[in-house]
Amino acid sequence: ALSVVTAASSAGESLDQRLYERIHEDWKSPAMDWLMKSISEAGDRETCLVLCLGLSAFGSEKGRDVGKLSFASLLGGQAVCTVLKFAVNRERPEGESGRGDSSFPSGHAAGAFSIAYVIGNEYPGLKVPSFILAGLISLSRVYLGRHYPSDVLAGALLGSSAGYLVMRKREAIINFHL
């Protein structure tokens, strides 16, 4: 039984490595470098926070609600992501990193998908564009050599789960006041 688990784990790592190499090495071009760096910046923690807080402070009534929900989703997803980074401590593709900055799971993917889930539920017409952007942010992290495909997949699942949980508690979060 152990040899089956070891073989499956090895096959998964091999697929992860092959996908990483295909995206990170085979797609390289100056135009793609610029594009992927720009897309990746859209998923930076600071950018996500500015979006959430900007909607909360300056949006319409619905926009303020979406900002609050997005912030709750982002906060929850990033908290779990940070705990997992410390627990798993996977080395980044380009080399070692600190425990809080380890490769698994991708914080960019978690953040992008946590916000995309909320925006897609609150504005159905933006569901597809939100998830496409979140997917591109995730892809950019592999292209730039910061994560393996399994890191961004885990981040996407984590972020989507955070968004799902927030939407289940939508009214309580919207009505929460300090």
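None of these values were measured; they are calculated from a predicted model. (Residues numbered from 1 in each chain as written. Predicted model: local features only at pLDDT ≥ 70, side-chain atom pairs only at ≥ 80, totals over all residues. Heavy atoms only, no water.)

Peer 1: Lay out the packing of helix H2 (residues 30–42) against helix H6 (residues 127–143) in plain terms, naming residues and giving numbers.
Peer 2: Following both chains from N to C, one finds H2 and H6 inclined at 125°, their axes separated by 8 Å at the closest point. In terms of axis orientation, H2 runs oblique to H6. Where H2 crosses over H6, the handedness of that crossing is left-handed. Packed against H2, whose contacting residues are Met32, Asp33, Met36, Ile39, Ser40 and Ala42, the element H6 presents Leu136, Ile137, Leu139, Ser140, Arg141 and Tyr143 at the interface. Among the residues making up the contact of H2 with H6, the classes are represented as eight nonpolar, two polar and two charged. (Axes fitted to C-alpha atoms, helices over the stretch in contact; angles between N-to-C directions. Helix = DSSP H or I, 4+ residues; strand = E, 2+ residues; numbered from the N terminus. Parallel < 35°, antiparallel > 145°, perpendicular 65-115°, else oblique. Left-handed = near helix turned anticlockwise from the far one by under 90°. Contact = heavy atoms within 4.5 Å. Nonpolar A, V, L, I, M, F, W, Y, C, P; charged D, E, K, R; others polar.)

Peer 1: Now, about the nonpolar core: what can you tell me, with residues and values included?
Peer 2: Of all hydrophobic cores here, the largest spans 13 residues; its most connected members are Leu69, Leu74, Ile115, Val118, Val166 and Met167. Those elements that place two or more of their residues in this core are helix H3 (45–58), helix H4 (61–88), helix H5 (107–122), helix H7 (149–168) and helix H8 (170–174). If we skip the residues at most four places from it in the chain, Val118 touches Val66, Leu69, Ser70, Ser73, Gly163, Val166 and Met167. Among the nonpolar cores identified, the runner-up in size contains eight residues, and Ile23, Met36, Val142 and Val152 belong to it. (Core = buried A, V, L, I, M, F, W, Y, C linked by side-chain atoms within 4.5 Å. Buried < 20%, exposed > 50% of the residue type's maximum accessible area, 1.4 Å probe, protein only.)

Peer 1: Mind laying out the packing of aromatic side chains, listing which residues take part and the relevant values?
Peer 2: Summed over all chains, the structure comprises three aromatic pairs. Note on Tyr20 and Tyr148: the rings are 5.2 Å apart at their centroids and 55° apart in plane angle, and the pair reads as tilted. Taken together, the positions of Tyr20 in helix H1 (residues 2–26) and Tyr148 in the loop between H6 and H7 put the pair 128 residues apart, joining distant regions of the chain. An identical accessibility class is assigned to Tyr20 and Tyr148; each is buried. Seen in terms of ring centroids, Tyr117 and Tyr164 are 6.5 Å apart; in terms of plane orientation they differ by 85°. Their pairing is edge-to-face. Highlighted residues: Tyr117 in helix H5 and Tyr164 in helix H7, separated in sequence by 47 residues. Residue placement shows Lys28 over the ring face of Tyr143; its charged tip is 4.4 Å from the ring centre. (Phe/Tyr/Trp six-rings, centres within 6.5 Å; stacked < 30°, edge-to-face > 60°. Lys NZ or Arg CZ within 6 Å of the ring centre and 35° of its normal.)

None of the figures reported here should be taken as evidence of function without further support.
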